[in-house]
Amino acid sequence: MSAIYDPQGVEQAAQTLWREAKSFEVEESAAGENFYCLAMFPYPSGKLHMGHVRTYTLGDVINRYQRLKGFNVMMPMGWDAFGLPAENAAIKNKVPPAEWTRSNIQYMKGQMQRLGFGIDWSRELATCDPDYYRWEQWFFTKLFEKGLVYRKSAVVNWDPVDQTVLANEQVVDGKGWRSGVPVERREMDQWFVKITDYADELLNMLDELPGWPESVKSMQRNWIGKSAGVDINFPVIDGDEVLTVYTTRPDTLLGATYVAVAPQHPLAERAALLSTEVAEFIEACKNTKTAEAEMATMEKIGIETAARVEHPLTGEALPVWVANFVLMEYGSGAVMSVPGHDQRDWEFATKYGLPIKQVIEPAGNESCDIEKAAFTAYGKLVNSGEFDGQTSELAFESIATALVAKGRGERKINFRLRDWGVSRQRYWGCPIPMIHCDACGIVPVPDKDLPVVLPEDVAFEGVGSPLTTLDSFLNTRCPSCGGEARRETDTFDTFMESSWYYARFASPNSNKPMLDERVNNWAPVNHYVGGIEHAILHLLYARLYYKLLRDAGMVDSDEPFTRLLMLGMVLQNGKKMSKSAGDAGDPQHLLEMYGADAVRTAMMFAAPPDQSFEWNDAGVDGQAKFFRRLWKLVHEHTDLGPVVDLERTDLTAAAKDLRHKTYSTLERADDDFDRRLQFNTVVSGVHELVNAISRFQATTDQDHAVVHEALKIAVLVLSPIAPHITQALWSELGESTLLIDSSWPEVDTDALVRETVELIVQVNGKVRGRIEVNLEADEGAIRTMALENENVARFIEDKTVHKVIVVAGKLVNLVVR
RNA sequence: GCCCGGGUGGUGAAAUUGGUAGACACAAGGGACUUAAAAUCCCUCGGCUUUACGGCCGUGCCGGUUCGAGUCCGGCCCCGGGCACCA
């Protein structure tokens, strides 16, 4: 074989070997336990970017490592093919979304193949294929039958010029990104999935996911936001309705000085009929985005109405305000305001000159000045009549009890989690399989008529969805009465498709049912890899969907992803790469110049997986240099001819040192690959080992045998990260089977045994010297040696040693005064 | 604003359970080889200080716990991700 490293030739040769051996086309029941390794499938945005390279290289490293560990690993790939960027590209380039998407898939697939990922392409799917989405439609009709989906009104960002609903990212400074006119909040009837029915299970099962990062579980817990509180009724004075508010702080009830309702609340709408100012205020509130971040940071404004409600305990009349920060779709659309003990209410009351009443005082000696800020902590009740002197905790109970007794309230468990809105008023998505009939109402499309195919040969102009005007799609017959009817023109949120694709991979091409029994050979996914930006929404919806599949009898476990690796972002100018800004960082030129192994290794070496970092091309050159050195080193070794068997008892000290380095590298890499999931240190470990081999002066046959052993282990350890060059070197080292079909070597524990160990000697915690001690040396001997050290002696003369701390194998600390 | 992360040399980072801060690389500078360049190899590389041995300081900022803190605790600053229609 050539003495010059040629990445293009080496990589093509290795890929040919894998293709001919069908190395990655997994068999259902091959030898070894099944292991499902999955990296989040990409949106086909055009070209791969460095974020993709990172995600799929990490997935492939796990894939190849677990294969060496003896598992029958499946790593499939597919395309999250519906979505907004295809519509934007269609407007910009006059290319139909379907055509644009399919050509992107083809290009990106070629790039993935060039990168040498060990993917089972026989299971490939694209979510825009009717064979895929028909089952999503079918399942939705089943959920409809079970009462798990329903319609309700929800607000959207409406662009009055483009006559289109805008995504939050399409609203810039309150204006439509293309039209430039202010967007309006508009209510529309939409489809929802009842994720709240599963809120408790989604919360509780997080405790049974030890393979998930704590940070992600914590984010999901906070998102679900289970809280215990009280629904309190405030009867409207001179009216027959009752305003119900939810609070987690009933202990502050006596401090409520007003109530606030959402601008869309019926009470607000009624007030608008009586006052033009209220009507104008409500109109003005329509000009805010629907995003929560917007709601939280915008200026809090409100207007008083003529309505009054009765305080449920004191009977006092409280004013009703309309406020822009109260959400109609969250809770009952009304809140009680306690300015003394809630900072937002305090600011609002201060702004409008509303009374601020202190009803909680600090229980300890904290300071509290209600004039300057709200006191939001728990404490002791004051100005609360019969409840005075109780702690907040006790008052929570006693006030709740009093309200329940008077029929003025109910204890309630509340969730922050809202039902999942799955309707999108867009063209490039999966059609929602429902039919609107004037006579029968809403009727699901029957099984025999599925799939409802999305017409692909349409003109897409960016004003409204073509589905709403395309007669051939729109007009149909009612499955129930046979009369004229219209199809639903909304399509699904693309999180629908990504909520079950992992299950479909395990049951490819199943025609009936949606998933067959093969799914349980693989699901749940053993190791799921993806970006931290998916920590809440995608993972929560996928968890929900898996439970829905379970309850429909299709999968036999509770959670879809056993172990989760959340990757930090690959940043571009300090920010996440975005589809809308045009993904940058195409690896193509690097692949052509340095090859896949150098790109993969540089990416793994750059940072540990969970860390975000800014990609820099410069590292690739360094890895290419390292591969040239390794290539030369192996060939210089093999040029010396066959090696003899290793005689472990007959080695020089230097040879023993090299064997120690070899096996400590192996042991550490094993831990890094499996438990720690930190691959940058695997690369640096191999660098160190290769440096040690280079420095080693091999003279005897035994020395050559030790080098051979070290090179083989270096090649094996590096192989999940740089699979092509290691395959070539593996065969150069005389191995006839494919490296990918080999197995992870055992650690020779004898090689790790050391007779002496270096300890550092500290005086008052500062390093002052080093001593070489026998492994069996006792504390007394170590102490004597430490005190005898020349530099150490300088720091302890004319002082008394008060204490000696010996940490085995590490250090001695002499505490002197 | 709220929730979750992060901040260590010129740069990417390492330090796994509280025990040698800066491994391994990149960049830079110096040298060898060469007619020259590329490639390759060798040396230096946190700051200050010392003829040298060595010493002092140093992990975003302030304070605490400890024999010992990059690591633990309290408070702050800055950066990133998410916030329900980007995926």
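The structure reproduced in this document is the subject of the present report. Since this is a predicted model, take the numbers as computed values, not measurements. (Residues numbered from 1 in each chain as written. Chains lettered and ligands numbered in written order. Predicted model: local features only at pLDDT ≥ 70, side-chain atom pairs only at ≥ 80, totals over all residues. Heavy atoms only, no water.)

### A word on the protein's contact with RNA strand B
Taken together, the neighbourhood of RNA strand B is formed by 75 residues, with D80, R426, K575, K576 and N813 sitting nearest. Near the protein, meaning within 4 Å, the atoms of RNA strand B are sugar or phosphate in a fraction of 62%, with bases accounting for the rest. Within the side chain of R668, a nitrogen or oxygen atom sits 3.0 Å from a base oxygen of RNA strand B. One of the side-chain N or O atoms of N791 is found 3.4 Å from a phosphate oxygen in RNA strand B. In terms of residues, the surface near RNA strand B owes the most to one element, helix 21 (residues 680–695), which gives 6 residues. Split by residue class, the surface near RNA strand B holds 28 nonpolar, 24 polar and 23 charged. (Near = heavy atom within 4 Å. Polar contact = N/O pair within 3.5 Å; in protein donor to acceptor, adjacent residues only side chain to side chain. Helix = DSSP H or I, 4+ residues; strand = E, 2+ residues; numbered from the N terminus. Nonpolar A, V, L, I, M, F, W, Y, C, P; charged D, E, K, R; others polar.)

### Topic: the packing of helix 19 (residues 618–638) against helix 22 (residues 701–718)
Their axes nearest at 11 Å, the elements helix 19 and helix 22 cross at an angle of 145 degrees. Helix 22 is crossed by helix 19, and the crossing has left-handed handedness. Residue-level inspection shows F626, F627, L630, L633, V634 and H637 of helix 19 in contact with helix 22, the latter providing H704, V707, H708, L711 and L718. For the contact of helix 19 with helix 22, the class distribution of residues is 8 nonpolar, 3 polar and no charged. (Axes fitted to C-alpha atoms, helices over the stretch in contact; angles between N-to-C directions. Left-handed = near helix turned anticlockwise from the far one by under 90°. Contact = heavy atoms within 4.5 Å.)

### Side note on empty space enclosed by the protein
Scanning the entire structure with this criterion turns up 4 cavities of 30 Å³ or more. Within this model, the largest cavity holds a volume of roughly 190 Å³. Along the wall of the largest cavity there are 18 residues; nearest its centre are E87, I91, T164, Q170 and G462. Put simply, the parts of the chain that give the lining of the largest cavity at least two residues each are helix 3 (84–93) and strand 6 (164–166). Ranked by residue count, the leading element in the lining of the largest cavity is helix 3, at 4 residues. Of the residues in the lining of the largest cavity, the class split is 7 nonpolar, 7 polar and 4 charged. Its volume calculated, the second largest cavity comes out at about 70 Å³. Lining of the second largest cavity is provided by W18, R64, L68, S719, P720, P723, Q727, L739 and I740. Breaking the lining of the second largest cavity down by element, the ones donating at least two residues are helix 2 (50–68) and helix 23 (723–732). Residues belonging to the lining of the second largest cavity are distributed by class as follows: 6 nonpolar, 2 polar and 1 charged. (1 Å grid on protein atoms, 1.4 Å probe; cavity = no way out; pocket = protein on both sides within 12 Å on 5 of 7 lines; lining within 4 Å. Points joined across faces, edges and corners; volume = space filled by probe spheres on them.)

### Section: helix 18 (residues 596–606)
Extensive coverage of helix 18 is indicated by the burial of 9 of its 11 residues. Here helix 18 has its buried residues at A596, D597, A598, V599, R600, T601, A602, M603 and M604. (Buried < 20%, exposed > 50% of the residue type's maximum accessible area, 1.4 Å probe, protein only.)

### So, the side chain of S398
Checked against the element boundaries, S398 lands in helix 12 (residues 392–405). Of the polar contacts made by the side chain of S398, one reaches the side chain of Q390; its length is 2.4 Å.

### A look at the side chain of D159
Looking at the element boundaries, D159 is found in strand 5 (residues 149–159). Although D159 is buried, it makes no salt bridge; R178 carries the closest opposite charge, 7.1 Å away. One polar contact links the side chain of D159 to the main-chain amide nitrogen of V161, over a distance of 2.9 Å. Among all residues touching D159, those that are not within four sequence positions of it are T164, L166, G176, S179 and V181. (Lys, Arg positive; Asp, Glu negative; His and termini not counted. Salt bridge = Lys/Arg side-chain N within 4 Å of Asp/Glu carboxyl O.)

### What about the nonpolar core?
In terms of nonpolar packing, the biggest core is built from 178 residues, with F140, Y502, M514 and L549 touching the most fellow members. With 10 residues, the top contributor of residues to this core is helix 22. Of all hydrophobic cores here, the second largest spans 37 residues; its members include A256, V322, F375 and L381. (Core = buried A, V, L, I, M, F, W, Y, C linked by side-chain atoms within 4.5 Å.)

### Digging into the environment of F234
Counting through the fold element by element, F234 comes out in strand 10 (residues 226–235). You can call F234 buried: its relative accessible area is 0%. Taking the C-alpha atoms as reference, F234 lies 5.7 Å from V309; in sequence the two are 75 residues apart. In this structure F234 touches V242, L243, V245, L253, V259, V309, E310, H311, P312, L318 and M336, once residues within four positions along its chain are discounted.

### Digging into the sheet that holds strand 18 (residues 409–415)
Strand order in the open sheet formed by 3 strands is 11-10-18, and the pairing between neighbours is antiparallel. If you trace the sheet from one side to the other, it starts and ends with strand 11 (242–247) and strand 18, each paired once. Each strand of the sheet is rotated relative to its neighbour by a mean of 30 degrees, with strand direction disregarded. Sheet topology note: the strand 10/strand 18 ladder contains 7 bridges and is antiparallel. Along strand 18, the bridge assignment pairs I232 with G409. (Pairing = 2+ DSSP bridges.)

### Some words on the pattern of salt bridges
Here the structure, examined in full by the defined rule, presents 49 salt bridges. Between K47 and D586 there is a salt bridge, with its nearest N and O atoms 4.0 Å apart. With K47 in the loop between strand 1 (34–39) and helix 2 and D586 in the loop between strand 29 (575–576) and helix 17 (588–594), this residue pair connects regions lying 539 residues apart in the sequence. In this structure, E292 engages R416 in a salt bridge whose closest nitrogen and oxygen atoms are separated by 2.9 Å. Residue E292 is found in helix 10 (residues 292–297), and its partner R416 is found in the loop between strand 18 and strand 19 (420–421); the two are separated by 124 residues along the sequence. Residue classification places R416 among the partly exposed positions, given a relative accessible area of 26%. Linked through salt bridges whose partners overlap, the residues forming this network are E201, R543, K547, R550, D551, D558 and E559.

### Here's the deal with the packing of aromatic side chains
All told, the structure shown has 36 aromatic pairs when counted by the stated rule. Relative to Y501, the ring of F41 lies with its centre 3.6 Å away and its plane at 5 degrees, an arrangement referred to as stacked. Pair noted here: F41 is in the loop between strand 1 and helix 2 and Y501 is in helix 14 (residues 501–505), with a separation of 460 residues, a long-range link. When its relative accessible area of 8% is taken as the criterion, F41 is described as buried. Judged by its relative accessible area of 1%, Y501 falls in the buried class. (Phe/Tyr/Trp six-rings, centres within 6.5 Å; stacked < 30°, edge-to-face > 60°.)

### Notes on the sheet that holds strand 24 (residues 484–487)
Strands sit in the order 22-21-24-23 across an open sheet of 4 strands; the sheet is antiparallel. Each edge of the open sheet is held by one strand with a lone partner, namely strand 22 (441–444) and strand 23 (475–477). Pairwise comparison of adjacent strand axes, ignoring direction, gives a mean angle of 40 degrees for this sheet. With 2 bridges joining them, strand 21 (residues 434–437) and strand 24 adopt antiparallel strand pairing. Residue I435 lies in a different strand from strand 24, and its bridge partner there is R487.

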